[in-house]
Amino acid sequence: MNVARSFNSWRKYRQTVTELGRMSSRELQDLGINRADIHSVARQSVAR
């Protein structure tokens, strides 16, 4: 994986973590995400 691709993946991961972190527990629950799962969900979003 080249540097640019790694950097873009990291940015996407951080953006996902930030956006999910700003959501209320209720909003996360509506999406079927537990607050403790935010980092796991973000990693999965980068892997796609």
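Residues numbered from 1 in each chain as written. Predicted model: local features only at pLDDT ≥ 70, side-chain atom pairs only at ≥ 80, totals over all residues. Heavy atoms only, no water.

Quick look at the overall build of the protein chain
For the record, the criterion: Put simply, DSSP marks the helices as runs of H or I at least four residues long and the strands as runs of E at least two long, and each gets a number from the N terminus on. Only protein chains enter the accessibility calculation, which uses a 1.4 Å probe; a residue whose area is less than 20% of its type maximum is buried, one above 50% is exposed, and one in between is partly exposed. Using a 1.4 Å probe, the Shrake-Rupley method yields the accessible areas, and only the shown protein chains count as cover for residues. We score Asp and Glu as negative and Lys and Arg as positive, and we do not count His or the chain ends. Taken as the charge centre is NZ of Lys, CZ of Arg, CG of Asp or CD of Glu, depending on the residue.
Helix and strand content of the protein chain: three helices and zero strands. When the helices and strands of the protein chain are read in sequence order from the N terminus, they spell out α-α-α. With the C-alpha coordinates aligned to their principal axes, the bounding extent of the protein chain is approximately 40 × 15 × 15 Å. For the protein chain, buried positions account for 21% of its 48 residues. Put simply, the protein chain shows about 3900 Å² of open surface, and 50% of that area lies on carbon and sulfur atoms. In the protein chain, 9 positive and 4 negative side-chain charges are present, and the distance between their average locations comes to 10 Å.

Some thoughts on the nonpolar core
Rules: For this analysis, a nonpolar core means a set of buried residues of the types Ala, Val, Leu, Ile, Met, Phe, Trp, Tyr and Cys, connected via side-chain atoms within 4.5 Å.
Counting seven residues, the largest nonpolar core is built from Tyr13, Val17, Leu20, Leu28, Ile33, Ile38 and Ala42. Mapped by element, the contributors of at least two residues to this core are helix H1 (3-22) and helix H3 (38-47).

Points about the packing of H1 against H3
Filter applied, for reference: Interaxial angles span 0 to 180 degrees and are taken between N-to-C directions of axes, which are lines fitted to C-alpha atoms, for helices over the stretch in contact. By convention, the crossing between two helices is left-handed when the near helix turns anticlockwise from the far helix through less than a right angle, and right-handed when the turn is clockwise. Any two residues whose heavy atoms approach within 4.5 Å at even a single point are treated as in contact. Side-chain classes are defined by residue name, with Ala, Val, Leu, Ile, Met, Phe, Trp, Tyr, Cys and Pro counting as nonpolar, Asp, Glu, Lys and Arg as charged, and the others, Gly among them, as polar.
At a minimum axis separation of 9 Å, H1 and H3 run at an interaxial angle of 145 degrees. Considering how the two elements wind past one another, H1 and H3 form a crossing that is right-handed. Along its contact with H1, which presents Ser9, Lys12, Tyr13, Thr16, Val17, Leu20 and Gly21, the element H3 presents Ile38, His39, Val41, Ala42, Arg43, Ser45 and Val46. Counted by class, the contact of H1 with H3 contains seven nonpolar, five polar and two charged residues.

Side note on the UniProt feature "domain: YjiS-like" (unreviewed entry) in the protein chain
Which entries qualify depends on this criterion: UniProt positions are given in the numbering used here, feature names are shortened, and annotations may be inferred rather than shown by experiment.
Those places that UniProt annotates as "domain: YjiS-like" (unreviewed entry) correspond, in this numbering, to residues 3-39. Spanning residues 3-39, this segment combines 78% helix with 0% strand, and its end C-alpha atoms are found 22 Å apart.

Quick notes on the pattern of salt bridges
Our working definition: Salt-bridge detection follows one rule: a side-chain nitrogen of Lys or Arg within 4 Å of a carboxyl oxygen of Asp or Glu.
Under the defined criterion, the tally for this structure stands at one salt bridge. Residues Arg26 and Asp30 are paired through a salt bridge, measuring 3.3 Å at the closest nitrogen-oxygen approach. Pair noted here: Arg26 and Asp30 are both in helix H2 (residues 25-31), with a separation of four residues, about one helical turn. Across the pair, Asp30 and Arg26 agree in class, each one exposed.

As for the environment of Phe7
Mapped onto the elements, Phe7 comes out in helix H1. In this structure the C-alpha to C-alpha distance between Phe7 and Ile38, which are 31 residues apart in sequence, comes to 20 Å.

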